[in-house]
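Next come the chains, spelled out residue by residue.
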Amino acid sequence: MAKVAFLGLGVMGFPMAGHLAAKGHDVTVYNRTRAKAEAWVGKHGGKAAATPAKAVAGAEIAFSCVGDDPDLREVTLGADGAFSAMGKGSIYVDHTTASAKVARELAAEAAQRGFQFLDAPVSGGQAGAENGVLTVMVGGAAAAFERAKPAIESFARAVALMGPAGAGQLTKMVNQICVIGVAQGLAEAINFGAHAGLDMKRALEVISKGAATSWFLENRGGTMVDGKFDFGFAVDWMRKDLRICLEEAAANGADLAMTKLVDGFLADVQKLGAGRQDISSLIRRLRRE
Ligand SMILES: NC(=O)c1ccc[n+]([C@@H]2O[C@H](COP(=O)([O-])OP(=O)(O)OC[C@H]3O[C@@H](n4cnc5c(N)ncnc54)[C@H](OP(=O)(O)O)[C@@H]3O)[C@@H](O)[C@H]2O)c1
């Protein structure tokens, strides 16, 4: 069992850090809003630190799961940031969905300071974090990956090394491009079926046995028909992720025509006040709700 730190106890980080503690790791947490760190210690034991630097001091592995590139830069390189206190030979594992660019920058910075950085974004959502069954896509050095993998498996069902620094974030981008296309396709299909007078619950049940099936259809089809959206993966977060995909595509030359189009649809959905709702609320703009 290792001495570890976890920075960022949001919807994802709070349960992920909890699984590390449940597996017997010695966990020190940091959260910008202190009350969440205290609530975590109240639930799981361990210790709360006042700054990222204090949290990671002496840790063999430090984890983070914050919002976007600037947040990640702040907890790593900002005032009292984690990188100022990482020990030689330690490993920093970042679970934020961020750009490949910041991952490469932080990996280079870590190497200069004598420790390793892994970009390790996750898929599986809040339920995956709570149930400890996330999928983790990792970029970085193989030796660091092998050392960190057992701890990551505390909250993951699948953990894969995808390549050098940035490769985890690039794989997460592939994931989000797939998901957003499927989400919009399902929204149009359900809306079309309703216009055609079909019983869409029955229609989804039938087509889920064939080529149209997907995680999205099985987990969101019914709630989309029912008009329920107050859970899941927020539109605001998906727009952040798609911005990262579109920036990467601008650099590597890939055509993301569909992704760009659906990103515009998500902007419409934000105007309907659905920024915090699940991305299946894409169907709301078709229903003109
Ligand atoms: N939610 C999902 O279903 C899901 C699924 C896959 C991936 N992700 C990704 O996982 C990451 C976290 O998502 P989440 O849902 O856990 O978000 P969240 O609930 O909003 O939590 C964000 C966490 O980051 C901290 N934070 C943000 N900016 C910070 C800064 N500048 N300095 C220090 N701490 C900062 C927040 O601290 P405070 O408590 O002080 O605000 C909070 O602990 C995101 O990159 C997201 O895209 C989320």
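Just above sits the structure.
Residues numbered from 1 in each chain as written. Predicted model: local features only at pLDDT ≥ 70, side-chain atom pairs only at ≥ 80, totals over all residues. Heavy atoms only, no water.

Visitor: Please explain unusual backbone geometry as it appears in this structure.
Guide: When glycine is set aside, most residues are seen to have a negative phi, and most peptide bonds are trans. The phi dihedral of Asp-80 falls on the positive side, at around 55 degrees, and the residue is not glycine. On the accessibility criterion, Asp-80 (47% relative accessible area) is partly exposed. (Buried < 20%, exposed > 50% of the residue type's maximum accessible area, 1.4 Å probe, protein only.)

Visitor: Would you explain the site of the ligand in this entry?
Guide: Neighbouring the ligand are 25 residues; Asn-31, Thr-33, Lys-36, Gly-67 and Lys-240 lie closest to it. The separation between an oxygen atom of the ligand and a polar main-chain atom of Gly-10 is 3.3 Å. For the ligand, an oxygen atom lies 3.1 Å from a polar atom in the backbone of Val-66. Protein chains shield 90% of the accessible area of the ligand, which is 900 Å² for the free molecule. For the shell around the ligand, the secondary-structure elements that each account for two or more residues are α4 (69-77), α6 (125-131) and α11 (235-252). Residues belonging to the shell around the ligand are distributed by class as follows: nine nonpolar, nine polar and seven charged. (Near = heavy atom within 4 Å. Polar contact = N/O pair within 3.5 Å; in protein donor to acceptor, adjacent residues only side chain to side chain. Areas by Shrake-Rupley, 256 points an atom, 1.4 Å probe, with all protein chains shown as cover. Helix = DSSP H or I, 4+ residues; strand = E, 2+ residues; numbered from the N terminus. Nonpolar A, V, L, I, M, F, W, Y, C, P; charged D, E, K, R; others polar.)

Visitor: Just to check I follow, could you spell out the pairing of strand β8 (residues 134-139) for this structure?
Guide: For a regular strand, side chains alternate in direction, first toward one face of the sheet and then toward the other. Burial analysis of β8 places five of its six residues in the buried class, which makes it a mostly covered element. In terms of strand pairing, strand β7 (residues 122-123) meets β8 through two bridges, oriented antiparallel. From the neighbouring strand, Ser-123 faces β8, where its bridge partner is Thr-135. A crossover links β8 with its parallel partner strand β9 (residues 156-163), the connecting element being helix α7 (residues 142-152), and its sense is right-handed. (Pairing = 2+ DSSP bridges. Right-handed = clockwise from strand over helix to strand, strands pointing away.)

Visitor: Before we go on, may I ask you to explain the packing of aromatic side chains in this structure?
Guide: Here a ring pair, both rings aromatic, is described through the centre-centre distance and the interplanar angle of the planes. Scanning the model with the defined rule gives seven aromatic pairs in all. On the basis of an interplanar angle of 75 degrees and a centroid distance of 6.0 Å, the ring pair of Phe-63 and Phe-155 is categorised as edge-to-face. In this pair, Phe-63 is assigned in strand β4 (residues 61-64) and Phe-155 in the loop between α7 and β9, connecting sequence segments 92 residues apart. Summarising the aromatic geometry, the rings of Phe-83 and Phe-117 are spaced 6.4 Å apart at their centres and angled 70 degrees between planes, so their arrangement reads as edge-to-face. Taken together, the positions of Phe-83 in the loop between α4 and β5 (91-94) and Phe-117 in strand β6 (residues 116-119) put the pair 34 residues apart, joining distant regions of the chain. As far as burial versus exposure is concerned, Phe-83 and Phe-117 are alike and both buried. Members of the aromatic cluster, joined through ring pairs, are Phe-83, Tyr-92, Phe-115 and Phe-117. For Arg-285, the ring lying beneath its charged end belongs to Phe-265, and the centroid distance is 3.8 Å. (Phe/Tyr/Trp six-rings, centres within 6.5 Å; stacked < 30°, edge-to-face > 60°. Lys NZ or Arg CZ within 6 Å of the ring centre and 35° of its normal.)

Visitor: I'm lost on the environment of Thr-259 in this one. Help?
Guide: Residue position: Thr-259 is located in helix α12 (residues 257-271). The class for Thr-259 is buried, based on a relative accessible area of 1%. Along the sequence, Thr-259 and Gln-176 sit 83 residues apart, while their C-alpha atoms lie 9.1 Å from each other.

Visitor: Help me out: how do you make sense of α7 in this one?
Guide: An α-helical turn contains 3.6 residues, so a residue and the one three or four places further along point in the same direction. Residues of α7 that are buried include every one of Ala-144, Phe-145, Ala-148, Ala-151 and Ile-152, and no others. Projected down its long axis, α7 carries its buried residues within an arc of 115 degrees, all on one side. The exposed residues of α7 that point more than 90 degrees off its buried face are Ala-143 and Pro-150. (Arc of directions from axis to C-beta.)

Visitor: Teacher, can you tell me more about the environment of Trp-215 here?
Guide: Position of Trp-215 among the secondary structure elements: in helix α10 (residues 215-226). Owing to a relative accessible area of 52%, Trp-215 belongs among the exposed residues under this scheme. Between the C-alpha atoms of Trp-215 and Val-179, which are 36 residues apart in sequence, the distance is 9.1 Å.

Visitor: Just to check I follow, could you spell out the nonpolar core for this structure?
Guide: It is characteristic of soluble globular proteins that their nonpolar side chains tend to be buried jointly. Judged by nonpolar contacts, the single largest core of 34 residues is most densely connected at Phe-6, Phe-63, Val-93 and Ile-152. Once residues within four sequence positions are removed from consideration, Phe-63 is found in contact with Val-4, Ala-5, Phe-6, Leu-7, Leu-20, Val-93, His-95, Ala-151, Ile-152 and Phe-155. Met-173, Ala-183, Met-200 and Leu-286 belong to the second largest nonpolar core, which has 30 residues in total. (Core = buried A, V, L, I, M, F, W, Y, C linked by side-chain atoms within 4.5 Å. Contact = heavy atoms within 4.5 Å.)

Visitor: Can you walk me through empty space enclosed by the protein in this structure?
Guide: If a probe the size of a water molecule is rolled over the atoms, the empty space left behind becomes visible. One pass over the structure, following the stated rule, counts one cavity of 30 Å³ or more. Quantified by volume, the largest cavity comes out at close to 40 Å³. Lining the largest cavity we find Thr-97, Ala-98, Gln-169, Lys-172, Met-173, Gln-176, Asp-241, Ile-244 and Cys-245. Mapped onto the lining of the largest cavity, the elements with two or more residues apiece are α8 (167-195) and α11. Here the lining of the largest cavity gets four residues from one element, more than from any other, and that element is α8. Its residues assigned to classes, the lining of the largest cavity shows four nonpolar, three polar and two charged. (1 Å grid on protein atoms, 1.4 Å probe; cavity = no way out; pocket = protein on both sides within 12 Å on 5 of 7 lines; lining within 4 Å. Points joined across faces, edges and corners; volume = space filled by probe spheres on them.)

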